[in-house]
Amino acid sequence: MIEFQNLKKVYTSGGQQVAALNGINLTINKGEIFGVIGFSGAGKSSLIRCVNWLEQPTSGRVIVDGYDLTALSAKEIREVKRNIGMVFQHFNLLNSKTVFANVAMPLILAKVPKEEMKKRVNELLEFVGLSDKANNYPDQLSGGQKQRIGIARALATKPSILLCDEATSALDPQTTSSILELLKKINREYNITILIITHEMAVIREICDRVAVIEAGKIIEEGTVFNVFSSPKTETARNFVSSVMNDQIPDSIKEIVEKNEGLQKIFRINFIGNSAGQPLLSQLAKKFDIHINVLFGNITELQGTPFGNLIVEFQGAESEINRALMFISQEKVTVKEVKAHAS
Amino acid sequence: MLVNSEQIIEALIETIQMVAFSLLFSAVLGLPLGILLVITRKGHLLENLPVFNVSNGIINIFRSVPFIILMVAIIPVTRLIVGTSIGTAAAVVPLVFYAGPYIARLIENSLLEVDPGVLEAAQAMGATPAQIIFKFLIPEALSSLVLAFTIATIGLVGASAMAGAVGGGGLGDLAITYGYQRFDTMVMLITVGILVVMVQGLQTFGNILSKRIRRR
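Residues numbered from 1 in each chain as written. Chains lettered and ligands numbered in written order. Predicted model: local features only at pLDDT ≥ 70, side-chain atom pairs only at ≥ 80, totals over all residues.

Where an unreviewed UniProt entry is consulted, chain B appears under the name Methionine ABC transporter permease, with the organism given as Cytobacillus solani. On record in UniProt, under Sequence similarities (unreviewed entry), the comment for chain B is "Belongs to the binding-protein-dependent transport system permease family. CysTW subfamily." Looking at chain B in UniProt, the text filed under Subcellular location (unreviewed entry) is "Cell membrane". (UniProt positions renumbered as here; feature names shortened; annotations may be inferred.)

Labelled according to an unreviewed UniProt entry, chain A appears under the name Phosphate ABC transporter ATP-binding protein, originating from Cytobacillus solani.

Structural data, given as structure tokens:
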């Protein structure tokens, strides 16, 4: 478990004070995959680096598995760090050492006996699927393979927490999903708490249980991935969500709609879970005297639950449209009138 | 020719001795100093600006004095350490004062090339400062450190020849006394030839060793 309590980090650069973290309160539960998303400079990097003391906060507390880091000595913090693995964007492997030696490094530092160390390293290489590369050097590996080695190294001392600092940002989409799969497997098999910081909403959608949106050193929105994706509350969260879930009416369609002035009304209908499987629109068309024009639609899966998003135009008498809306409101869907040019 | 082959071989041995001993002592001086220059600088492992500024300043002072002046200026120190200011052993003292700070700078450069991310990973693993220096910083810079020492050794070959001018012995002494002052072109050509071969040999050896460490 990781707990941030009123965490602040202020940098002084060129006589000017810049607050990277401006009072963060956040709890990451044991065994969950938690994502922190934000633009560059939002403070997410400072936040994750406070967990393993690569950066020291100016004020506030960081509590890791019950230990208040601000109250520990340098030596005690080094001990706590053995319980925290970290995976980096640029892998940060030693180029002068073999893959085996890289993975062994944390065990050597912890003075683990040689036989036990060898056994553990081979086990880890097996787990990440790179046993055959043990004697290769990092520069002989692809980006995805390097990150697998980085992950194996981070897991060497059997930590309870894994920090991922933009772990997939330097990888291509295909490699990204294989690394995310691996992280999921780690979380499942070892019940390791994973804290991920990223600027890619796709990463959050892919593996996180909960997500926090950070902006200007503050958490501006927090919740389950499903809730944040299906109903983002802040502008920034909406922007991130729309970066992976296209939910806007395409421009060309917008133009056509805008030309057809008249009785038309435009609604956004969101389907969640089972309701995504019902033939709602065809029921409406049969029951009521209205025409339905679908302007936009898609279905995304969020944490295993289907989430549908439809933008439709209802044409017909106002009374008929209202009756139809009454009918919809009885179903497990949300409906909202929107202007053609707005969201 | 005014000298025989025995004299040339003797001079060669003196040069090798001067270079070897001064390399050894200046490495002992320069290596910790170079590490210090890296880890005490702003934002590094053991940031300590007073220590950094003082060592940085001292190194600059020694590096700005021309070797021939340095040699004369520290004669009292040389006498104190070796008991005399003439001869091969005496030449080692100014050579160390010359090459030590030089090696510190070269090492500083090599160590600064190490990816800071690697050191960050080490810190994240809970490595102590000593572990970071000896298990991460130096191994990662090793190939470049070998090249730095190659440059320093070649610098010492040149400087040791200069030390010959003030009675340090060695090939430089031979070249000055016989080749230059007594106009024996043959001696001059032979000594310079030997120095050229030494430098070529050292550089080639350093390159091969560094390449082997880098494996590419």
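Colleague: An account of the UniProt feature "transmembrane region" (unreviewed entry) in chain B is requested, with residue identities and associated values reported.
Modeller: Residues and elements named next belong to chain B. UniProt feature "transmembrane region" (unreviewed entry): in the numbering of this structure it lies at residues 20-39, 51-74, 80-100, 145-166 and 186-209. Secondary structure over residues 80-100 splits into 76% helix and 0% strand, and the C-alpha atoms at its two ends are 19 Å apart. Along residues 186-209, the helical share is 100% and the strand share 0%, with 34 Å between the first and last C-alpha atoms. (Helix = DSSP H or I, 4+ residues; strand = E, 2+ residues; numbered from the N terminus.)

Colleague: Can you tell me about the UniProt feature "domain: ABC transporter" (unreviewed entry) in chain A, naming the residues and giving the values?
Modeller: Residues annotated in UniProt with the feature "domain: ABC transporter" (unreviewed entry) correspond here to residues 2-241 of chain A. With 38% helix and 28% strand, residues 2-241 of chain A has its two end C-alpha atoms placed 26 Å apart.

Colleague: Explain the environment of A:Ile37 residue by residue, including any values.
Modeller: All names here are of chain A. Tracing the backbone through its elements, the reader meets Ile37 in strand S3 (residues 33-37). Sequence separation between Ile37 and Glu166 is 129 residues; the distance between their C-alpha atoms is 9.9 Å. Contact partners of Ile37, with chain neighbours within four places excluded, come to Thr198, His199, Met201, Ile204, Val211, Val213 and Phe240. (Contact = placed C-beta atoms within 7 Å.)

Colleague: Any details on the sheet that holds strand S7 (residues 161-165) of chain A? Residues and values, ideally.
Modeller: By definition, the strands of a sheet pair up through backbone hydrogen bonds, in either a parallel or an antiparallel sense. Residue and element names in this part refer to chain A. Within the open sheet, the 6 strands sit side by side as S6-S7-S8-S3-S9-S10. Their pairing is mixed. Strand pairing shows two members of the sheet lacking a second neighbour, strand S6 (84-87) and strand S10 (218-224), which therefore form its edges. Across the sheet, the mean angle from the axis of one strand to that of its neighbour is 15°, orientation sign disregarded. Where S3 meets strand S8 (residues 193-198), 5 bridges bridge the pair, whose relative direction is parallel. Counterpart to Val36 in the pairing with S8 is Ile197. Of the strands in this sheet, S3, S6, S7, S8 and strand S9 (210-215) are in contact with helix H1 (residues 44-51), which crosses S8 at around 155°. (Pairing = 2+ DSSP bridges. Axes fitted to C-alpha atoms, helices over the stretch in contact; angles between N-to-C directions.)

Colleague: Before we move on, could you go through helix H4 (residues 114-127) of chain A and cite the residues and values that matter?
Modeller: Residue and element names in this part refer to chain A. Taking 1.5 Å per residue as the helical rise, H4 with its 14 residues ought to reach 20 Å, and the 20 Å between its terminal C-alpha atoms agrees with that figure. Every buried residue belonging to H4 is among Arg120, Val121, Leu124 and Leu125, and all of these are buried. Along the axis of H4, the buried residues cluster in a sector spanning 135°; they form a single face. Relative to its buried face, H4 has exposed residues pointing more than 90 degrees away, namely Glu115, Glu116, Lys119 and Glu126. (Expected span 1.5 Å × (residues − 1). Buried ≥ 20, exposed ≤ 12 C-beta atoms within 10 Å, placed from the backbone. Arc of directions from axis to C-beta.)

Colleague: Describe in detail the domain arrangement of chain A, supporting the description with residues and values.
Modeller: Residues and elements named next belong to chain A. Domain annotation for chain A reports domain 1 (2-244) and domain 2 (251-337). Computed over C-alpha atoms, the centres of domain 1 and domain 2 are 41 Å apart. Considering each element in turn, the side of domain 1 that touches domain 2 owes the most residues, 4 residues, to helix H8 (residues 225-230). Its residues assigned to classes, the side of domain 1 that touches domain 2 shows 3 nonpolar, 1 polar and 1 charged. (Domains from an automatic or database assignment. Nonpolar A, V, L, I, M, F, W, Y, C, P; charged D, E, K, R; others polar.)

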